[in-house]
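Here is what each chain is made of, one letter per residue.
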Amino acid sequence: MNNAFEIIGGKPLKGEITPQGAKNEALQILSAVLLTEEKVTVSNIPDIKDVNKLIELLADMGVLVEQLAPDTYTFEAKNIDQDFFVSDAFKAKGGGLRGSIMIVGPLLARFGKASIPKPGGDKIGRRRLDTHFLGFEKLGAQFHYNPENGFFNVDASNLKGTYMLLDEASVTGTANIVMAAVLAEGTTTIYNAACEPYLQQLCKMLNRMGAKISGIGSNLLTIEGVKKLGGTEHTMLPDMIEIGSFIGLAAMTGSEITIKNVHYKELGMIPDVFRRLGIKLELRGDDIYIPAQEHYEIDTFIDGSIMTIADSPWPGFTPDLLSIVLVVAIQAKGSVLIHQKMFESRLFFVDKLLDMGAQIILCDPHRATVIGLDHQVKLRGISMTSPDIRAGVSLLIAALSAQGKSTIYNIEQIERGYQHIDERLRALGADIKRV
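If you're wondering where the values come from, they're calculated on a predicted model, not measured in any experiment.

Engineer: What's the story with the pairing of strand 5 (residues 72-76) in this structure? I'm lost.
Structural biologist: Sheet faces and side chains relate simply in a regular strand, where the side chains alternate between the two faces. Counting buried positions along strand 5 yields five of five residues, so the element is predominantly enclosed. What you see with strand 5 is no split at all: Thr72, Thr74 and Glu76 on one side and Tyr73 and Phe75 on the other are buried throughout. In this sheet, strand 5 lies alongside strand 3 (residues 39-43) in antiparallel orientation, the contact comprising four bridges. Each residue of the ladder has a partner; that of valine 40, found in strand 5, is phenylalanine 75. With five bridges connecting them, strand 4 (residues 64-69) and strand 5 associate as antiparallel partners. The residue of strand 5 that forms the bridge with glutamine 67 is tyrosine 73. Hairpin remark: strand 4 followed by strand 5, antiparallel, with two residues in the connecting loop.

Engineer: I keep staring at empty space enclosed by the protein and nothing clicks. Help me out?
Structural biologist: Take a probe with the size of a water molecule and roll it over the atoms, and the empty space left behind shows itself. Counted under the stated rule, the structure contains four cavities of 30 Å³ or more. For the largest cavity, the calculated volume is near 70 Å³. Elements with a minimum of two residues in the lining of the largest cavity: helix 8 (240-253), helix 12 (389-401) and helix 14 (421-426). Considering each element in turn, the lining of the largest cavity owes the most residues, four residues, to helix 12. Broken down by class, the residue content of the lining of the largest cavity amounts to nine nonpolar, one polar and no charged.

Engineer: Sorry if this is basic, but what is going on with a nonpolar patch on the surface here?
Structural biologist: Nonpolar side chains collect at one region of the surface, where Tyr163, Leu165, Tyr191 and Leu220 lie side by side and expose about 400 Å² of accessible area between them. In this structure, leucine 220 sits in strand 12 (residues 220-224). Here leucine 220 falls in the partly exposed class, since its relative accessible area comes to 38%.

Engineer: Sorry, what's going on with the packing of aromatic side chains here?
Structural biologist: The geometry of two aromatic rings is summed up by the distance between their centres and the angle between their planes. Within the structure shown, the criterion is met by ten aromatic pairs. Aromatic pair phenylalanine 133 and phenylalanine 152: ring centres 5.1 Å apart, planes at 70 degrees, arrangement edge-to-face. Here phenylalanine 152 lies in strand 8 (residues 151-155) and phenylalanine 133 lies in helix 5 (residues 130-138), a separation of 19 residues in the sequence. Among the residues examined, phenylalanine 152 registers a relative accessible area of 16% and is labelled buried. Centre to centre, the rings of phenylalanine 136 and phenylalanine 143 are 6.4 Å apart; their planes meet at 15 degrees, and the pair counts as stacked. Classification of phenylalanine 136 as buried rests on a relative accessible area of 1%. Chaining the aromatic ring pairs together yields one cluster made of Phe133, Phe136, Phe143, Tyr145 and Phe152. Directly above the aromatic system of tyrosine 289 lies the positively charged group of arginine 284, at a separation of 3.8 Å from the ring centroid.

Engineer: What am I meant to see in the pairing of strand 17 (residues 307-310) here?
Structural biologist: Alternating positions in strand 17 separate cleanly, Met307 and Ile309 being buried on one face and Thr308 and Ala310 remaining unburied on the opposite face. Alignment of strand 17 against strand 18 (residues 335-339), held across four bridges, turns out to be parallel. When the sheet's bridge partners are listed, isoleucine 309 is paired in strand 18 with isoleucine 338. As for the winding sense of the linkage, the β-α-β connection from strand 17 through helix 10 (residues 322-329) to strand 18 is right-handed.

Engineer: In this structure, what is going on with the layout of surface pockets? I would like to understand it.
Structural biologist: Quantified by volume, the second largest pocket comes out at close to 200 Å³. Along the wall of the second largest pocket there are 13 residues; nearest its centre are Met252, Thr253, Gly254, His375 and Lys378. A per-class count over the lining of the second largest pocket returns three nonpolar, seven polar and three charged.

Engineer: What should I look at first to understand the nonpolar core in this one?
Structural biologist: Soluble, globular proteins show a tendency: their nonpolar side chains are buried together. With 78 residues, the main nonpolar core has Ile259, Ile279, Leu326 and Leu353 as its most contacted residues. With sequence-adjacent residues up to four places away left out, isoleucine 279 is seen in contact with Ile247, Ala251, Phe274, Ile290, Gln293, Tyr296 and Val328. Core analysis: the next-biggest nonpolar cluster, separate from the first, contains 73 residues, Leu97, Ala114, Leu159 and Leu202 among them.

What counts and how
- Residues numbered from 1 in each chain as written.
- Predicted model: local features only at pLDDT ≥ 70, side-chain atom pairs only at ≥ 80, totals over all residues.
- Heavy atoms only, no water.
- Buried < 20%, exposed > 50% of the residue type's maximum accessible area, 1.4 Å probe, protein only.
- Helix = DSSP H or I, 4+ residues; strand = E, 2+ residues; numbered from the N terminus.
- Pairing = 2+ DSSP bridges.
- 1 Å grid on protein atoms, 1.4 Å probe; cavity = no way out; pocket = protein on both sides within 12 Å on 5 of 7 lines; lining within 4 Å.
- Points joined across faces, edges and corners; volume = space filled by probe spheres on them.
- Nonpolar A, V, L, I, M, F, W, Y, C, P; charged D, E, K, R; others polar.
- Patch = residues over 30% accessible without salt bridge, like charges linked within 9 Å, V, L, I, M, F, W, Y side chains within 5 Å.
- Areas by Shrake-Rupley, 256 points an atom, 1.4 Å probe, with all protein chains shown as cover.
- Salt bridge = Lys/Arg side-chain N within 4 Å of Asp/Glu carboxyl O.
- Phe/Tyr/Trp six-rings, centres within 6.5 Å; stacked < 30°, edge-to-face > 60°.
- Lys NZ or Arg CZ within 6 Å of the ring centre and 35° of its normal.
- Right-handed = clockwise from strand over helix to strand, strands pointing away.
- Core = buried A, V, L, I, M, F, W, Y, C linked by side-chain atoms within 4.5 Å.
- Contact = heavy atoms within 4.5 Å.

Written out as structure tokens, the structure is:
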């Protein structure tokens, strides 16, 4: 099956690594091709399962998909097969894909109707889709749940612009509502909108297609509806979660690594959070260079109290990197409190780290205190199973820094988010293979 990684840890790595295109951006951008019948060209698409499944789904709907290069495709959504959305094939494919919710906004905008199977996905607490549905309803869409086939049928024959305050600043929710609103009649104002770089990218792309969106980068978006959108070209940002993961990897393994083409100004506070853990990194052009460091010391707050690192909506620190920070802190000098505010049950992978010899106190489902070992004690390799994408990569980093052999099972979770991760780590000198 080859669904496990075997890792011999404790070796410093060296070299250059280029982050893939941003997965979270890809799911939005690829859905947006449905808003026009003209050709849209998208580059820097990551070659990962969730994204490839969405591309397949678009082709099944009748979008003409052409691959121009490994990371570049053209999409032409001229003739969309409306019958496909009530088929078993759509239920099978759409139901298993978290990103498939993202096609609803564009379909409502362009065709006035959509069907969506009841969603499933990652086990990281309750990720509700209420924000999406409430937003569509405010624009005038009506939802009908059919318990017989497990589909929501959505009727949106005349979407009208409106003012709305989102119940949470959901990135996918905001993106979906924006895509529905660009072709709605009148003006839509979205307050408490997510303002992540992914979403800024989507809005900029929609404006190039002829949309009228202002307030990009803020939490107050104004969208003047237009009649139709045209084609465009778009290049994805590099994945900031990968960039953060590689910074953590370098520190944890004492490696000298250069991360290429990071679009530094789009990283927000990510580099600063790693600096607070004592990690040296410097910007060279648009690359981040991390020297080999034997020790890194966690800052304290100005009054000397223990540093807290917490996630919050952008421009705060992204929840997707909190597990990486937690792992990197294991070998820092000093202590840190990790506070996962936005999701519950994402810290439950610490039991594996405890088995490896980490000093962590799990306070509750949201908080863990890490007491740094300062490389006085090496972690030891163990066998473990990856519970979700982010924890999987954190465990991978722990394994690469540990002494002896680790085996990580359930790696399809990791591969849903990171392309060819084993090959790319081997290029840096890591001892990792599939078993």
